[in-house]
Amino acid sequence: MDSQVNQSPIYKRILLKLSGEALQGDHMYGIDPSKLSRIGAEITRITKLGVQVGLVIGGGNLVRGSDFYTAGLDRVTADQMGMLATVINGLALRDALDQKKIPVKVMSALSMPGLVDCYNRLHAISALEQNHVVIFVGGTGNPLVTTDSAAALRGIEIGADILIKATKVDGVFSADPIKHPNAEQYAELSYDDVIKERLGVMDLNAILLCQEHALPLRVFNMNKKEALLQIVLGDKMGTLIQGGKNHA
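Each value, and the rule that gives it
Residues numbered from 1 in each chain as written. Predicted model: local features only at pLDDT ≥ 70, side-chain atom pairs only at ≥ 80, totals over all residues. Heavy atoms only, no water. Helix = DSSP H or I, 4+ residues; strand = E, 2+ residues; numbered from the N terminus. Rg over C-alpha atoms; globule rule 2.2 N^0.38 Å. Buried < 20%, exposed > 50% of the residue type's maximum accessible area, 1.4 Å probe, protein only. Pairing = 2+ DSSP bridges. Contact = heavy atoms within 4.5 Å.

Colleague: Even after reading the chapter, I still don't get the overall build of the protein, so can you show me in this structure?
Modeller: A tally of helices and strands in the protein yields 8 helices and 11 strands. Its C-alpha atoms give the protein a radius of gyration of 17 Å, near enough to 18 Å, the size a compact globule of 248 residues would have. Principal axes of the C-alpha set define a box for the protein whose edges measure 50 × 45 × 35 Å. A buried classification covers 50% of the 248 residues belonging to the protein.

Colleague: Help me understand the pairing of strand E5 (residues 133-137), please; the structure alone is not making it clear to me.
Modeller: The side chains of a regular strand alternate between the sheet's two faces. Within E5, 5 of the 5 residues are buried, which leaves the element mostly enclosed by the surrounding structure. Alignment of strand E2 (residues 52-57) against E5, held across 3 bridges, turns out to be parallel. For glycine 54, the partnering residue across the bridge sits in E5 and is valine 134. Inspection of the sheet shows strand E3 (residues 104-108) paired to E5 by 5 bridges, in the parallel sense. Bridge pairing in E5 places valine 104 opposite valine 133.

Colleague: Looking at this structure, I do not really get the environment of leucine 215. What am I missing?
Modeller: Checked against the element boundaries, leucine 215 lands in the loop between helix H7 (204-212) and strand E10 (217-221). Separated by 27 residues in sequence, leucine 215 and glutamine 242 place their C-alpha atoms 7.1 Å apart. When neighbours within four sequence positions are excluded, leucine 215 is seen to be in contact with Ala152, Gly155, Ile156, Ala160, Asp161, Ile162, Leu163, Tyr191 and Cys210.

Shown next as structure tokens:
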């Protein structure tokens, strides 16, 4: 842990981006209850410090639209199926937080009366200010747009201090660290670096949105115990991406 880490949060409001795969644990698909509970506990820890948490969840553990599209399904239909999968994951996360007595609201870009609230920016900000965790599902409500872009968009809309992307590796590397064990991990990058070197941190639209609106992005390994807590306390784990600076 960074020796300069604070004892109080350095962020008031964050947007956490979780992939659907973060919920599947060691399984090939679906939702692992133990993984769900651990993520719920991690989020609970930071909310009790007063951090306001918005969260965008993917659906790849249930439906990966790109795979269905490759197999011959209509692209729009495949993406719509993926958006519905994010709703299922959002409901699961809501339940995990409910069990820990954390107030939570699920907002969908797709209208689903009686199931979850329809996304409304002002209502989302109001809920955050009342210390509710707000889970954004349904992507942006449009096909052909990834949940990475949805995370960047929601982060900007709610005025998040930082977008924190959870992955299964320790940050951003010069090459895939799973295939290339000697790949260099970057401590810090500029958005220009990410674009120029085609590092594949998030899709290009998400990167451009963050860059244009000066929204910092930190990429970290969610599988590390208390990693999210340490980040909001100021630890420099993972990779920080923001405008202007060259990578370390």
